[in-house]
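# Tertiary structure, described
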Amino acid sequence: MAGTGCFFLPLRRALFAAALALLLAPAAAAAERPTILVFGDSLSTAYGFDRDEAWPVLLETRLDEADLPHRVTNVSRSGETTSGGTRRLPDALQEHEPEIVLLQLGGNDGLRGQPPERIRSNLARMIEQAHEADSQVLLIGIRIPPSYGRTYTEQFAAIYPELAEEHDLPVIPFLLDGVWDRDGMIQNDGVHPTAEAQPKIAERVWETLREMLDTAS
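I will try to describe carefully the structure that is included in this document.

### So, the nonpolar core
Ranked by size, the top nonpolar core spans 52 residues in total, and within it Phe 39, Trp 55, Leu 102, Leu 103, Leu 123, Val 205 and Leu 209 carry the most contacts. Elements that contribute at least two residues to this core include exactly strand S1 (35-40), helix H2 (55-65), helix H3 (82-96), strand S3 (100-104), helix H5 (116-132), strand S4 (136-140), helix H6 (150-167) and helix H7 (198-216). The biggest single contributor to this core is H7, with 7 residues. When sequence neighbours within four positions are dropped, the list of residues in contact with Phe 39 reads Val 75, Ser 76, Gly 85, Arg 88, Leu 89, Ala 92, Val 101, Leu 102, Leu 103, Gln 104, Leu 105 and Met 126.

This is the structure:
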């Protein structure tokens, strides 16, 4: 009987190893999927509605429908500013090693009346940080209400296309274009899009992102 036990011991080990491999396979496959990192503020965090309805989640659905291997990781933070972003992005790049960064920041700076040149400088630094980590950048812009004055709002709006040209980046100048002035698309605070607006936002981002992915392939 001792001999029989010795015979079954290697078999048990082999079965255990096979079972463990099956359990780890999905995690390993997920880890191998290239990452698209959403790095933004409350406009990307499902502010005021269920997280599953947010545009980054819908964007991953579009990637799956297109049979693309990429996954979307959303590390956006409500209230985030460009200054905070410059401090937080390096750790996110190291942890997630994204192929593409969707950089959606600046709105909170603008609402606080921060100097456009400071906002521009911070965004430029984050673009450089991403490039240093071998990540591409899709720059996503926003606009602020006209109550801040024509000069300031025009200077703010110009930040994104100017940075895109300087760094040769794809850009979405205004994330809420086609949304901000439509009934039911903006919450009562006058700033955040509703859940109903998320599919339109996701489609807008998808159009530019798909061009990036097609070019890369």
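### Side note on unusual backbone geometry
Positive phi values are uncommon outside glycine, yet Ala 46 reaches one of about 60°. Taking relative accessible area as the criterion, Ala 46 reaches 9% and is therefore assigned buried. A positive phi angle, near 55°, is found at Asp 168, a position not held by glycine. Turning to its location among the elements, Asp 168 is positioned in the loop between H6 and strand S5 (171-172). The exposure class of Asp 168 is exposed, given its relative accessible area of 70%.

### Quick word on the pattern of salt bridges
Taken as a whole and assessed by the stated rule, the structure comprises 11 salt bridges. For Glu 132, the salt bridge goes to Arg 125, with nearest N and O atoms at 3.4 Å. Judged by its relative accessible area of 57%, Glu 132 falls in the exposed class. Between Arg 204 and Asp 177 there is a salt bridge, with its nearest N and O atoms 3.7 Å apart. On the criterion of sequence distance, the pair formed by Arg 204 in helix H7 and Asp 177 in the loop between S5 and H7 is long-range, its members being 27 residues apart. What makes Arg 204 partly exposed here is its relative accessible area of 23%. Judged by its relative accessible area of 41%, Asp 177 is partly exposed. Residues joined in a network through salt bridges with shared partners are Arg 62, Glu 65 and Glu 203.

Analysis parameters
Residues numbered from 1 in each chain as written. Predicted model: local features only at pLDDT ≥ 70, side-chain atom pairs only at ≥ 80, totals over all residues. Heavy atoms only, no water. Core = buried A, V, L, I, M, F, W, Y, C linked by side-chain atoms within 4.5 Å. Buried < 20%, exposed > 50% of the residue type's maximum accessible area, 1.4 Å probe, protein only. Helix = DSSP H or I, 4+ residues; strand = E, 2+ residues; numbered from the N terminus. Contact = heavy atoms within 4.5 Å. Salt bridge = Lys/Arg side-chain N within 4 Å of Asp/Glu carboxyl O.

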